[in-house]
Amino acid sequence: MRACVDIGGTKLAVSLARPGSQTLLHRRAEPTAKEGPPDAVVAQILRLLGDACAEAGIDMAAIDGVGVSSAGPFLMKGGCVEVSTPNICGGLAGADQGTPNDWIAFPLEAPLRARFGPQVPVRVENDCVAALEAERRWGALQGVADCAYVTWSTGIGMGFCVDGRVLRGKNGNAGHGGHTFSSGGYEGPTCGCGNVGDIESLVSGTAMSRRFVRQGFHDAATLLDAARQGVPEATAIVDELCRILGRALFNAVALMDLQKISLGGSVFWHHRDYLLPRLQAELASHLPALTQGVALAPAGLQDKVGDYAALALLE
């Protein structure tokens, strides 16, 4: 039995799958652990996997492969991945970000390898790289050699494939476009990673919850629902968010000469019909030599892309 683990800034999910099967079984999901010692996340993974195995009527010793799709960035320690993501690790930018821990990073790959032993392969990848592999295998990016997967969710992330090769980089951190900067003279706000005015700090779901409370929009859903209802202030804010992220998508296309981008994540997915044409229009408004014919598409794996991302690592 394969173990599939999806670690996000908001929730953590595990599933089981039989070798060669695309059916995810005995799924468990709950808010990502953010309190206690840094190994709390791995303890949560093992507890949820234990629950899933119990429901399946098997021992955890029956697990013969572990795929982990995780929010990043990653650090390498002793050849194994540790996770240093601002949406889980509260020590990166300070207590004012509201994350109830002082972690700079938490261990992931090493304790999983220690638990399952050398005979069980454990593969950890950035969540957008893993989602890219899933979208190329089963979703909207099948047969596309130059493409990307982008998530608009708790954070902003990207995974790239160029000339048919998935890009990973020295520590598996290729594609952290959310922590790049958008032009426009922004002085703030501060991102969870410590950057001031990066794309994630401006447009992510977390950013929306922080930036627009004074206008009466307490989270992404409140803001986007108001925009869809035609509330002028909300519409203007969302148009600006789409302008910022749309320019980030153009930057990705310009840098990588992409043909197609698949989009997912909770912010995008629940409002895709409203957001997609605005993002496509912003992308198409820049340099036709690079953008003509470039398509944006909702994730073919829909809101399950995170679960299938972990499975794709084991195929």
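Preceding block: the structure.
What you see is a predicted model; the values in this text were computed from it and never measured.

Asks: Tell me about the overall build of the protein, and please be specific about residues and values.
Replies: A tally of helices and strands in the protein yields 11 helices and 13 strands. For 315 residues, the compact-globule estimate of 2.2 N^0.38 gives 20 Å, and the C-alpha radius of gyration of the protein, at 19 Å, lies within 12% of that figure. Principal axes of the C-alpha set define a box for the protein whose edges measure 55 × 45 × 35 Å. When the 315 residues of the protein are sorted by exposure, 54% land in the buried category. Long-range pairs, those at least 24 residues apart, make up 61% of the contacts in the protein with a sequence separation of at least 6.

Asks: I'd love a proper account of the sheet that holds strand β3 (residues 25-31), names of residues and values included.
Replies: Read across the open sheet, the five strands follow the order β3-β2-β1-β4-β8; overall the sheet is mixed. Each edge of the sheet is formed by a strand with only one pairing partner; in this case those strands are β3 and β8 (122-126). When strand polarity is set aside, the average angle formed by the axes of neighbouring strands in this sheet is 10 degrees. Those strands touched by helix α2 (residues 109-116) are β4 (65-70) and β8, and its axis lies near 160 degrees from that of β8.

Asks: Go over the packing of aromatic side chains, please, and point to the residues and values.
Replies: This structure, assessed with the given rule, holds two aromatic pairs. Between Trp103 and Phe106, the ring centres sit 6.1 Å apart and the planes meet at 65 degrees, which makes this aromatic pair edge-to-face. Assigned by exposure class, Trp103 and Phe106 land together as buried. Seen from their ring centres, Trp138 and Tyr308 are 5.9 Å apart, and the 65 degrees between their planes marks the pair as edge-to-face. Of the two residues, Trp138 is situated in helix α3 (residues 127-138) and Tyr308 in helix α11 (residues 305-312); the sequence distance between them amounts to 170 residues. The exposure classification of Trp138 matches that of Tyr308, with both residues buried.

Asks: Would you mind going over the nonpolar core in detail, with residue names and values included?
Replies: Counting residues in each nonpolar core, the largest one holds 41 residues, and the members touching the most others are Trp152, Leu223, Ile261, Leu263 and Leu279. Broken down by secondary-structure element, the contributors of at least two residues to this core are β9 (147-152), β10 (156-162), α4 (199-203), α6 (220-228), α7 (232-256), β12 (260-264), α8 (266-269) and α9 (272-284). No other element matches the 12 residues that α7 contributes to this core. Those residues in contact with Leu263 that lie beyond four places of it in its chain are Tyr149, Val150, Leu249, Phe268, Leu276, Leu279, Leu296, Ala297, Pro298 and Ala299.

Asks: Tell me about the sheet that holds strand β5 (residues 74-77), and please be specific about residues and values.
Replies: Read across the open sheet, the three strands follow the order β5-β6-β7; overall the sheet is antiparallel. Each edge of the sheet is formed by a strand with only one pairing partner; in this case those strands are β5 and β7 (106-107). Looking at chain direction, strand β6 (residues 80-83) and β7 are connected through two bridges and run antiparallel. Opposite Val83, over in β7, you have Phe106 as the bridge partner. The sheet contacts of α2 involve β6 and β7, and relative to β6 the element is tilted by about 125 degrees.

Asks: Requested: an account of the side chain of Ser204, with residues and values cited.
Replies: Along the polypeptide, Ser204 turns up in the loop between α4 and α5 (205-211). On the basis of relative accessible area, Ser204 is assigned to the buried category, the value being 2%. A distance of 3.0 Å separates a polar side-chain atom of Ser204 from the backbone nitrogen of Ala207. Residues in contact with Ser204, not counting those within four places in the same chain, are Trp152, Ser153, Thr154, Gly155, Ile156 and Ile199.

Scoring rules and cut-offs
- The residue count restarts for each chain, going from 1 along the sequence in the order it is written.
- Given that this is a predicted model, residues contribute local features only at a pLDDT of at least 70 and side-chain atom pairs are listed and counted only at 80 or more, while totals for whole chains, interfaces and linings are drawn from all residues.
- Based on all heavy atoms of the structure, the side-chain values leave hydrogens and waters out of the count.
- A helix here means a DSSP run of H or I that spans at least four residues, while a strand means a run of E at least two residues long, and both kinds are numbered starting from the N terminus.
- The globule rule used for comparison is 2.2 Å times the number of residues to the exponent 0.38, while the radius of gyration itself is calculated over C-alpha atoms.
- Buried means the residue's accessible area, taken with a 1.4 Å probe over protein chains only, is under 20% of the maximum for its type, while exposed means over 50%, and partly exposed covers the values in between.
- By the convention used here, residues are in contact when the closest approach between their heavy atoms is within 4.5 Å.
- When DSSP finds two or more bridges between a pair of strands, those strands are recorded as paired.
- Here an axis means a line fitted to C-alpha atoms, over the contact stretch when the element is a helix, while the angle between two N-to-C directions is reported on a 0 to 180 degree scale.
- Note on ring pairs: Phe, Tyr and Trp rings are taken, using the six-membered ring of Trp, and paired if centres are within 6.5 Å. Classes follow the plane angle, with under 30 degrees stacked, over 60 edge-to-face and the rest tilted.
- The term nonpolar core refers to a set of buried residues drawn from Ala, Val, Leu, Ile, Met, Phe, Trp, Tyr and Cys, joined through side-chain atoms within 4.5 Å.
- Contacts described as polar in this section are N or O atom pairs within 3.5 Å, which, within protein, must combine one atom able to donate a hydrogen with one able to accept it, while residues neighboring in sequence count only if both atoms come from side chains.

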